[in-house]
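Spelled out from the first residue to the last, the chains are:
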Amino acid sequence: MNNINDSVIFDPWMKDQIDAAVSALMHQTYQHKTYGAALKCAEYAILGARLLTTLSKRPYFAVAGSQIVGFGNDQFELISPSRRERRNAKKLADIQSYHCWIECQQHEDGSTHLEYIDFTSRYDRQIAQLLRVPDANIAEENYLWDRADTLDYPIPQRFLQHPSVIGRSHGWRWKDPVCTRLLRAYEKNNEAYFRQQSAELLQLLTRQIETFMQSQQQHCLN
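Owing to the predicted nature of the structure, the values given are computational and were not obtained by experimental measurement.

(A) Representation of the overall build of the protein. Along its length, the protein carries six helices and six strands. The secondary structure elements of the protein, listed N-terminal to C-terminal, are α-α-β-β-α-β-β-α-β-β-α-α. Over its C-alpha trace the protein gives a radius of gyration of 18 Å, about what one expects of a compact globule, namely 17 Å for 222 residues. Over its C-alpha atoms, taken along the principal directions, the protein stretches across nearly 60 × 45 × 40 Å. When contacts within the protein are restricted to residue pairs at least 6 apart in sequence, those whose partners lie at least 24 apart make up 67%. Counting only carbon and sulfur atoms, one obtains 48% of the accessible surface of the protein, whose full area is about 12800 Å².

(B) Quick look at the layout of surface pockets. A volume near 1200 Å³ is recorded for the largest pocket. Together, 41 residues line the largest pocket, and Q67, V69, I79, H99 and D124 are the ones closest to its centre. Residue assignment for the lining of the largest pocket shows that the elements contributing at least two residues are α2 (41-56), β1 (61-70), β2 (76-79), β4 (111-118) and α4 (124-130). Looking at the lining of the largest pocket, its residues break down into 25 nonpolar, nine polar and seven charged.

(C) Structural detail: the environment of P81. Assignment of secondary structure puts P81 in the loop between β2 and α3 (83-88). C-alpha separation for the pair P81 and Q96, spaced 15 residues apart in sequence, amounts to 6.9 Å. Sequence-distant contacts of P81, that is, excluding residues within four places in its chain, are made with G65, S66, R86, I95, S97 and C179.

(D) Highlighting helix α1 (residues 12-30). Compared with an ideal rise of 1.5 Å per residue, which puts 19 residues at 27 Å, α1 spans 27 Å between its outermost C-alpha atoms and is within 8% of the ideal. Considered for burial, the residues of α1 that qualify are M14, K15, Q17, I18, D19, A21, V22, S23, L25, M26 and Y30.

(E) Seen up close, the nonpolar core. Membership of the largest hydrophobic core comes to 51 residues, with the highest contact counts inside it found for I18 and F119. Every element with two or more residues in this core is listed here: α1, α2, β1, β3 (99-108), α4, α5 (177-189) and α6 (191-221). Per element, the largest residue contribution to this core is ten residues, and it comes from α2. In this view, I18 contacts F10, L51, L52, L55, F119, W145 and L205; residues no more than four positions away in its chain are not counted. Counting residues in each nonpolar core, the second largest holds eight residues, with F76, I155, F159 and V165 among its members.

Basis of the calculations
- Residues numbered from 1 in each chain as written.
- Predicted model: local features only at pLDDT ≥ 70, side-chain atom pairs only at ≥ 80, totals over all residues.
- Heavy atoms only, no water.
- Helix = DSSP H or I, 4+ residues; strand = E, 2+ residues; numbered from the N terminus.
- Rg over C-alpha atoms; globule rule 2.2 N^0.38 Å.
- Contact = heavy atoms within 4.5 Å.
- Areas by Shrake-Rupley, 256 points an atom, 1.4 Å probe, with all protein chains shown as cover.
- 1 Å grid on protein atoms, 1.4 Å probe; cavity = no way out; pocket = protein on both sides within 12 Å on 5 of 7 lines; lining within 4 Å.
- Points joined across faces, edges and corners; volume = space filled by probe spheres on them.
- Nonpolar A, V, L, I, M, F, W, Y, C, P; charged D, E, K, R; others polar.
- Expected span 1.5 Å × (residues − 1).
- Buried < 20%, exposed > 50% of the residue type's maximum accessible area, 1.4 Å probe, protein only.
- Core = buried A, V, L, I, M, F, W, Y, C linked by side-chain atoms within 4.5 Å.

What follows is the structure, given as structure tokens:
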């Protein structure tokens, strides 16, 4: 793992390893907070994008914007900044309702598609509790990693007149230029912190995979 390069393929096993490493670092960093790392989507996206870019040598970007969350039983919540927040915000912390995830343009078989990665799906149940969503029937998933076009769900009727949704009919997440600009300013203003965290994350992933490989070798010897 010391010579990670373009040959790395993010198969399901590798995706699980990356998710486990990002989650472990975030838990370690925020375990003392009341909600742990549940509300730290910005850092999940920034650190995840940096790690994926390092591993693949392709650009992965942390973005911020709006998201519709489905909690099962036809229960949905819209996480989206208000026009006033977007107009007056000087920094990311000035916006209360936003979500962050990772995007990457993938090129396969002569075509291009957008890919979404979100390492915060593990907190959907906790978010439902914070939003007081009753009897949430949430699928237990640690992360989202899929093509954007496979997630192009119809927008629930109740949100179609919301100011941030008008003009849209499909898609449960969309990047907002103001939120994304503030997210990148947040990353830039904390560059030393994110550089240190990124180095620790890469070391954590390396140790994690080396431990697995050693266990597999020991199993073969036995």
